[in-house]
Structure formats: structure tokens, C-alpha cells
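What follows is the residue order along each chain.
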Protein chains: 2
Amino acid sequence: MTRALAPTRAMPRGARARQPAFGGSTRARVVARANARRAIALGADVAVDETQLNAFLDSLKYDDKGLVCAIAQDVDTGAILMQGFASRDAVAYTLRNRKATFWSRSRSELWCKGETSGNFIGVESVHVDCDRDSLIYLGVPTGPTCHTGAHTCYYKRVDGRDGAAAKVDGGRHAAEEALTTLYELEATIEARRVEAVADDVKPSWTRRLLDNPELLCKKIREEAGELCQTWEENEGKEAATNEMADVLYHSMVMLNKQGVPMSDVLAVLRRRFGTSGVDEKAARPPKKLIDPSK
Amino acid sequence: MTRALAPTRAMPRGARARQPAFGGSTRARVVARANARRAIALGADVAVDETQLNAFLDSLKYDDKGLVCAIAQDVDTGAILMQGFASRDAVAYTLRNRKATFWSRSRSELWCKGETSGNFIGVESVHVDCDRDSLIYLGVPTGPTCHTGAHTCYYKRVDGRDGAAAKVDGGRHAAEEALTTLYELEATIEARRVEAVADDVKPSWTRRLLDNPELLCKKIREEAGELCQTWEENEGKEAATNEMADVLYHSMVMLNKQGVPMSDVLAVLRRRFGTSGVDEKAARPPKKLIDPSK
């Protein structure tokens, strides 16, 4: 149980020190603040078994340049933040220091993402694919990942407005970023909040809820009751699925109303379920917690 | 608005026709059934502007082998399903046919994933990174993605039990798969459901809720009320975040109680928010729906 490389105890300064450059949008600021709150311990005191580590590094299938593919993914939101390539040393550095590290092909050097910008990606766990030539670095960014200031490097949709292939109808509307369903919904709610509604146009249901918090509270209590009712009245899986969707949607409107990003909620659940080690456990707020081990 | 390649109208037969080979676990079966329900239209009637498509294909930065990186991600769960490389033709085929398509480096041929196994990945949208050398194919698999029968190719954790670098304490416990927080929580609840509890040991809170649905319903109603109260009593963001975490956790225990995977709930929300085009809209169940456009 030794550490070949001393941990760099850099604090997650990126998100606090920098203003996101990505258009200075509300979303970018919300994401930056949330990342600062969600940050995991970097360079934490992780015991690395060097024999196991070397056996693992030997087992990877490096390409003709000595690299494997490495994808950094946000553990709470599932967002793919960036993709690069990693040399044997880069993988070792990542596992030892819990910071996403790559091989820079343009500069031909080891590149611990964030070492110049301060925007690290703290690594919670590492996963390897069946071919052993591709890794996921699952973690939390301390600031915007992209050099443009965007939360993720994949902020451009190909088959959208400015893209190559437009869909006839439908299509994801809220953002060009590769948002998964929950965050597309969050972005849609935010779009409804900020959109201008003319006096003679009936506002969206979301907007009506946002403008009428008493109605929103009534709906949240009602939908929670209806979810319970699917069990109590034995209404079946489809009903339970639909009622849960109602609970989630209305609760997320309430989160928007209060300016709380969903990623903060997931970070709370991650900490409660002990997925982030001792450091985060010690940092838990005293407020009532679900402890599934009890 | 022409189609150079005729759409292959293959139905998502993978998930139905095949038994998942991945240990035949409950989780694998649940995932397979959910994928069948969530499937998006493949080879749907998508209008592709050939001029825009070619301009986009020209703009990509292919490596010395003429390839870009392509990552297939589940639009509902955020799970990274697989990573491969795509040639110009593979990207074009993906955009025209809405099926994740790669260049097989081992066979030196275009590879529409699923064309032999039946386990396609339906593509909802495609996103490009800032360097224009990496793509996300965001969509829904029709069956297990991995040739081993696993839901995703990244089913092995490096720094876990069998991995290279173990953490001193903590660490994600439910699965070796690269699960993001929501699905880690779902897997944890399932683990609590199936675990053996000795007579003289106090069961986990999750298990007590599962064994006592009346208590579970009482808690869900209570937590929904407490979330509303954070607004009504102006308790602040931290309280709202914690109460939402409570609502989400307890509701997810209810989903487990009724055998409903979270991905089904997200698929319902995706369909409601019009992110999947005309085909899915037409297939909507008549039951009450949130229509954010109203």
C-alpha cells in the first residue's frame, strides 16, 4: 500500500475562481455553482495496491500509439464531459490521484486535465470495457470541462438547427448539448420560465405552475398521493410509471422555482448512499438523512 | 431532401427475441424488458439535407486512419453503452438511418451495430465535441449492447473488488457497471430487497419500507408535503435539495416495490416532452399526460 506519486492536494478552485465564459448564460452559472458544491475529494488518500495496479495496466489493450480511449462522465448527471486518450502512465496517474488524466497527442505529454485551468475532473471510479481498450472516468468536474467554458465539450448538436441532418418533426428542443432525459426536462422547465408569454396567449402548464406556487404545491401533494394509490388500489405498473413521471416533473418544477439544480439533489443522494468515501461522509450536513445501512 | 440509403425498417427484435446472456440476472432481464418498451423508431422517415450532411462530414477531423471516436449513450439513463470509431460513411449511415454505426477496425468494414445480433442502438440525436473528432450517439438500445449480453460494455469496475486500486473506505457498492447516481441508488434499493436479513439483525430502512408498503406510502406523502413546505415556509435551497432527495428516494423504493425501472419513467417523460418525433407521439397511451406546450 504505497503511493508512487505524491497526491497533489489542489483544491477545486476552478469553479469558484473563474467566471464561465460560455456566453455567461444562467445555465452555465448554475452548473458552475453546482459543480463547486458537488466536488469530490481530489488526490484523496487512496490506497493503491501497486501489484494489482500494474497487473491491470498490463492487461489493457493499447493501440499502436500506446493509448486507450478514456471518457470522462459526470457521476451525478451522466453527462459525457470529454473524451481523450490515455497512456499507461495517464491511467496510473488517474487511479493514484483521482483526477482524470490523459495523454495529450498534440503536446506529446501527460495531461492531468485542470492542471493549468484549475478545472479538474475528480474521479469517483474507473470502469473498463469488454475489449479492454476503453475506460470511463466517472466523477465530478470542479468547473467547466471545455476550454470554451462550456460544461461539456459536446455542446453542439449535429442534427439540429445548425447541423447536418434535420428531423422532419419533433427533435430535442431545449439545448444542443447532449442532455439525457432528466436534464432535457430540467432545461425545458427553465426555457418555460424565461420565455416571453404574450398577454393573449395561454401560457404553458409549466409556466402556470411556476407563476402559481400554491397550485404547484397542491399538484405535488396530489401526484404523490396518486403514486401511492397505484399501490393501494393495485393499478399496475403502467399507472405507477405514469404517476412517478408526474411526481418527478412537478417536483422538478418546484426545484426550478427555488433555483435548485437536479445535480445537487443527486449529489445529496450520492453522499447519503456512501458512494464517496470517508471525506464526504465527514462533511455531511447534520440535517435529517436517510441512512440505508440502518 | 433525399435519402441516399433506403431505411432498414428492422424492428427492435433484439430485446424480445433474446434471453440476456449476462448471468441471466434479474437486473439484466429488467433492463432488457425496459429497453424493449423504451425503443425509439429505427430508420424512421428522417429528412436528411445532403448538402448540410456533406458539409458536416467534411468538417470532422478524422485521424490518420480516417476515423473519429463515437460514443453510444443511453438518452434516458445516461449510461455509456459502448465506444467505437466511425468513418465518414459510418457517421453518414448513422444520421440517415438513426442506428449507431461504426467502422470495425478488426473486420475493416462498416458496422451497423445490431445488424447481426438484432441489438441495435436507436439514435435520437448526434452531438459533436469542440475538437470535431468525437461524437455522441444519444439513443436507446433495443437489447443488450455488449456481445457478452451485458447492458453496457463497461460492466467491469477497475478500482473495485477485482480491480487494480481499491479505495480505503466507501466506494460504490451496488454494481461494477459505471452507474450514475440515480441508477446506483436504484441498484442499491434492489440489493436491499434481495439481501438476506437474519432474524436478530435490524433490517435496513429501505428493506423496512419494502416490507411495509403502508409505511412507505405514509412516507411518500409526508416527504412530498415537506418539499412543498420548503417553499411555503421559505426554508431555503439546502432544505429544498434535501427534501427533493427524500421524495426521490422514497418514490424509487415504491417503483422497486412495483417492479418498475426508472428508465421506464424517464421514457414516459421523454415522450411527453416531444423529444422523440412523430412516431412516439402517435404511440402515446391515452392516459393523462402533462403537455408542456399547453
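Residues numbered from 1 in each chain as written. Chains lettered and ligands numbered in written order. Predicted model: local features only at pLDDT ≥ 70, side-chain atom pairs only at ≥ 80, totals over all residues.

**Quick look at the overall build of chain A**
How we decide: The helix and strand labels rest on DSSP assignments: H or I over at least four residues marks a helix, E over at least two residues marks a strand, and numbering proceeds from the N terminus. Three exposure classes are used. Buried residues have 20 or more other C-beta atoms within 10 Å of their own C-beta, exposed residues have 12 or fewer, and partly exposed residues fall in between, all C-beta atoms being placed from the backbone. A pair of residues counts as a contact when their C-beta atoms, built from backbone coordinates, are separated by no more than 7 Å.
Regarding its fold elements, chain A presents 10 helices and seven strands. Counting across all 294 residues of chain A, residues that qualify as buried make up 53%. Look at the contacts in chain A between residues 6 or more apart in sequence, and 56% of them connect residues 24 or more apart.

**Re helix 8 (residues 237–257) of chain A**
All names here are of chain A. Filter applied, for reference: What a helix is expected to span follows from its residue count: subtract one and scale by 1.5 Å.
Compared with an ideal rise of 1.5 Å per residue, which puts 21 residues at 30 Å, helix 8 spans 30 Å between its outermost C-alpha atoms and is within 8% of the ideal. Burial analysis of helix 8 places 17 of its 21 residues in the buried class, the great majority of the element. A positive phi of about 70° marks Gly-259, the residue just after helix 8.

**Here's the deal with the nonpolar core**
As a reminder, the rule being used: Throughout this description, the term nonpolar core refers to a group of buried Ala, Val, Leu, Ile, Met, Phe, Trp, Tyr and Cys residues whose C-beta atoms join them within 7 Å.
Membership of the largest hydrophobic core comes to 152 residues, with the highest contact counts inside it found for A:Ala86, A:Tyr137, B:Ala86 and B:Tyr137. Once you skip the residues sitting within four places of it in the chain, B:Tyr137 turns out to touch B:Ala70, B:Ile71, B:Ala72, B:Thr94, B:Ala100, B:Ile121, B:Val123 and B:Val126.

**What to know about the sheet that holds strand 2 (residues 80–86) of chain B**
To summarise the sheet geometry, strands pair through backbone hydrogen bonds and adopt either a parallel or an antiparallel arrangement. Threshold: The pairing criterion is simple: DSSP has to find at least two bridges between the two strands. Each axis is a line fitted through C-alpha atoms, taken for helices only over the stretch in contact, and angles between the N-to-C directions span 0 to 180 degrees.
Taking strand neighbours across the sheet as the criterion, the five strands line up as 7(A)-5(B)-6(B)-1(B)-2(B) in an open arrangement whose pairing is mixed. Looking at strand neighbours, the two that pair on one side only are strand 7 (156–157) of chain A together with strand 2 of chain B, the edges of this open sheet. For strand 5 (residues 121–128) of chain B and strand 6 (residues 134–141) of chain B, the ladder comprises seven bridges, and the chain directions are antiparallel. Across the sheet, B:His127 pairs through a bridge with B:Ile136, a residue of strand 6 of chain B. Packing against the sheet, helix 4 (residues 88–97) of chain B makes contact with strand 2, strand 5 and strand 6 of chain B, and its axis sits at approximately 120° to strand 5 of chain B.

**Details of unusual backbone geometry**
For residues besides glycine, phi is generally negative; the peptide bonds are generally trans as well. For A:Ser108, which is not glycine, the phi torsion reads 50° and is therefore positive. Here A:Ser108 lies in the loop between strand 3 (101–104) and strand 4 (109–112). C-beta crowding within 10 Å serves as the criterion here: with 8 such atoms nearby, A:Ser108 is assigned to the exposed category. Phi at B:Arg98 is positive, roughly 55°, even though this residue is not glycine.

**Looking at the sheet that holds strand 5 (residues 121–128) of chain A**
Read across the open sheet, the five strands follow the order 2(A)-1(A)-6(A)-5(A)-7(B); overall the sheet is mixed. The open sheet has two edge strands with one neighbour each: strand 2 (80–86) of chain A together with strand 7 (156–157) of chain B. Where strand 1 (residues 68–74) of chain A and strand 6 (residues 134–141) of chain A come together, six bridges link them in parallel fashion. Bridging across to strand 6 of chain A, A:Ala70 finds its partner in A:Leu135.

**Topic: the environment of A:Glu243**
All names here are of chain A. For Glu-243, the position within the fold is in helix 8. Distance in space between the C-alpha atoms of Glu-243 and Phe-85 is 43 Å, their sequence separation being 158 residues. Residue contacts for Glu-243: discarding those within four places in its chain leaves Glu-223, Glu-226, Leu-227 and Thr-230.

**Here's the deal with the environment of B:Gln52**
All names here are of chain B. Inspection of the secondary structure assignment puts Gln-52 in helix 3 (residues 50–59). On the neighbour-count criterion, Gln-52 (17 C-beta atoms within 10 Å) is partly exposed. The spatial distance from the C-alpha of Gln-52 to the C-alpha of Met-82 is 27 Å, given a sequence separation of 30 residues.

**Section: the pairing of strand 1 (residues 68–74) of chain B**
All names here are of chain B. Across the seven residues that make up strand 1, a large majority, seven, are buried. On strand 1, burial covers both faces: Val-68, Ala-70, Ala-72 and Asp-74 on one face and Cys-69, Ile-71 and Gln-73 on the other are all buried. In this structure, strand 1 lies alongside strand 2, joined through six bridges in antiparallel fashion. Residue pairing across strands places Ile-71 opposite Gln-83, the latter belonging to strand 2. Taking the residues that link successive antiparallel strands as the turn, the strand 1-strand 2 hairpin has five residues, and the phi of Gly-78 there is positive, at about 80°.

**Some words on the packing of helix 8 of chain A against helix 8 (residues 237–257) of chain B**
Rules: Any angle between 65 and 115 degrees counts as roughly perpendicular, while under 35 counts as roughly parallel, over 145 as roughly antiparallel, and the rest as oblique. Here the term charged refers only to Asp, Glu, Lys and Arg, the term nonpolar to Ala, Val, Leu, Ile, Met, Phe, Trp, Tyr, Cys and Pro, and the term polar to all other amino acids, Gly among them.
Where helix 8 of chain A contacts helix 8 of chain B, the two axes come as close as 11 Å, and the packing angle between them is 175°. Compared by their axis directions, helix 8 of chain A and helix 8 of chain B come out roughly antiparallel. For the pair helix 8 of chain A and helix 8 of chain B, the contacting residues are A:Ala240, A:Met244, A:Val247, A:Ser251 and A:Leu255 in the first and B:Ala240, B:Met244, B:Val247, B:Ser251 and B:Leu255 in the second. The residue makeup of the contact of helix 8 of chain A with helix 8 of chain B, split by class, is eight nonpolar, two polar and no charged.

**Quick word on the pairing of strand 3 of chain A**
Residue and element names in this part refer to chain A. Both strand 3 and strand 4 contribute to a ladder of four bridges, which runs antiparallel. Opposite Phe-102, over in strand 4, you have Trp-111 as the bridge partner. Here strand 3 folds back onto strand 4, and the loop between the two strands holds four residues, one of which, Ser-108, carries a positive phi near 50°.

**Concerning the confidence of the model for chain A**
All names here are of chain A. Just so we agree on the cut-off: Along the chain, pLDDT gives the predictor's confidence residue by residue, from 0 to 100.
The pLDDT averaged across chain A works out to 80; a share of 77% of its residues lies at or above 70. Across residues 1–24 the pLDDT falls below 50, and counting only partners more than four positions away or on other chains, this stretch makes 53 contacts in the model. Note that pLDDT drops below 50 for residues 164–174; the model gives that stretch 40 contacts with residues more than four away or on any other chain. Predicted as a complex, the structure gets a pTM of 0.82 and an ipTM equal to 0.82.

**Focus on the packing of helix 7 (residues 213–232) of chain B against helix 8 of chain B**
Residues and elements named next belong to chain B. Here is the rule we go by: In this scheme, a crossing is called left-handed if the near helix is turned counterclockwise away from the far one by less than a right angle; it is called right-handed if the turn is clockwise.
Between helix 7 and helix 8, the shortest axis-to-axis distance is 9 Å and the interhelical angle comes to 155°. Relative to helix 8, the element helix 7 is oriented roughly antiparallel. Remark: the crossing between helix 7 and helix 8 carries left-handed chirality. Where helix 7 abuts helix 8, its residues Pro-213, Leu-216, Lys-219, Ile-220, Glu-223, Ala-224, Glu-226, Leu-227 and Thr-230 lie against Ala-239, Ala-240, Glu-243, Met-244, Asp-246, Val-247, His-250, Ser-251, Val-253, Met-254 and Lys-257. Here the contact of helix 7 with helix 8 is built from residues that sort into 11 nonpolar, three polar and six charged.

**Considerations on helix 4 (residues 88–97) of chain A**
Residues and elements named next belong to chain A. Within helix 4, eight of the 10 residues are buried, which leaves it mostly tucked inside the rest of the structure. Residues of helix 4 that are buried include every one of Ala-90, Val-91, Ala-92, Tyr-93, Thr-94, Leu-95, Arg-96 and Asn-97, and no others. Among the structural elements, helix 3 (50–59), strand 2, strand 3, strand 4, strand 5 and strand 6 are those in contact with the buried residues of helix 4. Within two residues after helix 4, Arg-98 carries a phi angle of roughly 55°, on the positive side.

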